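One-letter residues, chain by chain:
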Amino acid sequence: MSTHFLNDKVAVITGASRGIGKAIALRLAQAGAAVACVSRQASDAQGTAAEILDRGGKAKGYGADVRLKQEVDEISRAILGDFGQVDLLVNNAGVTRDGLTIRMSEEDWDIVVDTNLKGAFLWIRALSRHFLERRSGKIVNISSVAGLMGNPGQANYSSSKAGLIGLTKSIARELASRGITVNAVCPGFIETDMTKDLPEKARARLLEEIPLKRFGQAEEVAGLVAFLCGPEANYITGQLFVVDGGLLA
Amino acid sequence: MAEKKSIEERVKEMIVEQLGVNPEQVTPKAKFIEDLGADSLDTVELVMAFEEEFNVEVPDEEAEKLQTVGDVIRYIEEHVEEES
C-alpha cells in the first residue's frame, strides 16, 4: 500500500484534540488526507491542526458541541465550504461520567449518551447527503470494548458504545448501495487521558486480564482506522474491529 | 432573456439527473420505483432536492403518496409560493 493512500481525501475527526482522536488525525494526515479537526473548543482542535500543519500536512480546527444538531450542521457546512468535499468521517468524540447505576444522575447518563452516540448520529446525518451525492464515503465510529463486555460503573458509557455498534450496522446497510462503508473500531484499554486516572489497583487487575500485558497506544488504534479509511478496505462494511491486546480473546 | 422553465420541466430535469434515466421515460404517469428504477434512498434524495429547489416542505406522510412523476408535479404546483 502506498504511504500516501489518502491523498486528495478530506477527513473529519471529532474529539481530535487529544487521545485516540488526535492520533487518528495525525495518522490520516500522514497518509495524505486533509483533516478537519473538531473539538468542543475550537482552540483545542486547532492545536492538533497546528501539529499537522507543522509536519507539512493540511488541516484546520473547528469547535462544535457534537450533542447539538445546530452546531454540527453549522460546522459541517463550514468544513464543506473550506475543503470543498468530505470523504471520511471518524466519530471519535467521547466522554465518561463513571458511577454505579444506583447513584448515577440523569445528567451523567445524558451527557455520555448524547456525546458518544447522538453525536455520531448527528454527524452522519449532516454528512450523509454529501456522501450520497458523491457516491462515496467512509465512516468509522469509535466504539469500545466496554460496549461489548460491559463494565461496572460505566452503564452510560457502555450503553453508548454498544449503541454505536447498532448505529454502525444499520447505517452500513442504509448506505451500502451507494458505495459508502461504515465500520466500528472497539479499542480496549489505551494509554490516554481517559484511562490515566484509573486507580493503581484497577490498573494492575486489568493488566492481569490483558494477554499482551500492557495498555495499548493510541497510534495502535489509529493505524487500523487509517486502514479502514483507505482503498484496501472498500469491501469491508458493517463490521466491528477490536484492538484490545487480547482482552476479549 | 431565456424563458423561465416551468415546474414540470425543472422536476423532470432533476429526476433525469438523479436517476440517470432518459428524459422520454419521465412521463407524468411513470412510477418512480416500478418504472424509473428508483430505490428508497433515491426517493428520499429526490424529495430533499425538490424541497430545496422549490422551497417547499414535504412531510413524510405526504412524500409516501408521491408515487408518480405527475404526483410530484401536482404537489409542487399546489404548494410552491409563486415567485413574482
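The name that an unreviewed UniProt entry assigns to chain B is Acyl carrier protein, with the source organism given as Methylacidimicrobium cyclopophantes. According to the UniProt record, the Sequence similarities (unreviewed entry) comment for chain B reads "Belongs to the acyl carrier protein (ACP) family." Regarding chain B, the relevant UniProt record gives this comment under Function (unreviewed entry): "Carrier of the growing fatty acid chain in fatty acid biosynthesis."

In the nomenclature of an unreviewed UniProt entry, chain A is known as 3-oxoacyl-[acyl-carrier-protein] reductase of Methylacidimicrobium cyclopophantes. Under the UniProt heading Sequence similarities (unreviewed entry), the entry covering chain A gives this text: "Belongs to the short-chain dehydrogenases/reductases (SDR) family." Looking at the Pathway (unreviewed entry) heading of the UniProt record, one finds this comment for chain A: "Lipid metabolism; fatty acid biosynthesis."

## Digging into the UniProt feature "binding site: NADP(+)" (unreviewed entry) in chain A
Residue and element names in this part refer to chain A. Feature annotation in UniProt places "binding site: NADP(+)" (unreviewed entry) on Gly15, Ala16, Ser17, Arg18, Asn92, Tyr157, Ser158, Ser159, Ser160, Lys161 and Ile190, given in this structure's numbering. Considering the C-alpha atoms alone, the annotated residues occupy 176 residues of sequence and remain spread out, their largest mutual distance being 23.9 Å. Of the annotated residues named above, the ones that line the largest cavity are Asn92 and Lys161. Among all residues touching Asn92, those that are not within four sequence positions of it are Thr14, Gly15, Ile20, Gly21, Ile24 and Ile142. In this structure the side chain of Asn92 is engaged in a polar contact, spanning 3.0 Å, whose partner is the backbone oxygen of Gly15. Structurally, Lys161 can be placed in helix H6 (residues 155-175). Taking the relative accessible area as the measure of exposure, Lys161 reaches 3% and is therefore buried.

## Some details on the environment of A:Ala162
By the secondary structure assignment, A:Ala162 is in helix H6. On a C-alpha basis, the gap between A:Ala162 and A:Tyr235 in space is 23 Å, while along the polypeptide they are 73 residues apart.

## Comments concerning a nonpolar patch on the surface
Residue and element names in this part refer to chain A. A surface patch of nonpolar side chains, amounting to about 310 Å² of accessible area, comprises Leu148, Met149, Val242 and Leu248. Checked against the element boundaries, Met149 lands in helix H5 (residues 146-149). Residue Met149 is classed as partly exposed on the basis of its relative accessible area, which comes to 45%.

## Some thoughts on the pairing of strand E4 (residues 88-91) of chain A
All names here are of chain A. Burial of the side chains of E4 extends over both faces: Leu88 and Val90 are buried on one face and Leu89 and Asn91 on the other. Taken together, the three bridges between strand E1 (residues 10-14) and E4 define a ladder with parallel strand orientation. When the bridges of E4 are listed, Ile13 appears paired with Val90. Note: E4 against strand E5 (residues 137-142), four bridges, orientation parallel. Residue Leu88 lies in a different strand from E5, and its bridge partner there is Lys138. Read from E4 through helix H4 (residues 106-134) to E5, the crossover connection turns out right-handed.

How each quantity is defined
- Residues numbered from 1 in each chain as written.
- Chains lettered and ligands numbered in written order.
- Predicted model: local features only at pLDDT ≥ 70, side-chain atom pairs only at ≥ 80, totals over all residues.
- Heavy atoms only, no water.
- UniProt positions renumbered as here; feature names shortened; annotations may be inferred.
- 1 Å grid on protein atoms, 1.4 Å probe; cavity = no way out; pocket = protein on both sides within 12 Å on 5 of 7 lines; lining within 4 Å.
- Contact = heavy atoms within 4.5 Å.
- Polar contact = N/O pair within 3.5 Å; in protein donor to acceptor, adjacent residues only side chain to side chain.
- Helix = DSSP H or I, 4+ residues; strand = E, 2+ residues; numbered from the N terminus.
- Buried < 20%, exposed > 50% of the residue type's maximum accessible area, 1.4 Å probe, protein only.
- Patch = residues over 30% accessible without salt bridge, like charges linked within 9 Å, V, L, I, M, F, W, Y side chains within 5 Å.
- Areas by Shrake-Rupley, 256 points an atom, 1.4 Å probe, with all protein chains shown as cover.
- Salt bridge = Lys/Arg side-chain N within 4 Å of Asp/Glu carboxyl O.
- Pairing = 2+ DSSP bridges.
- Right-handed = clockwise from strand over helix to strand, strands pointing away.

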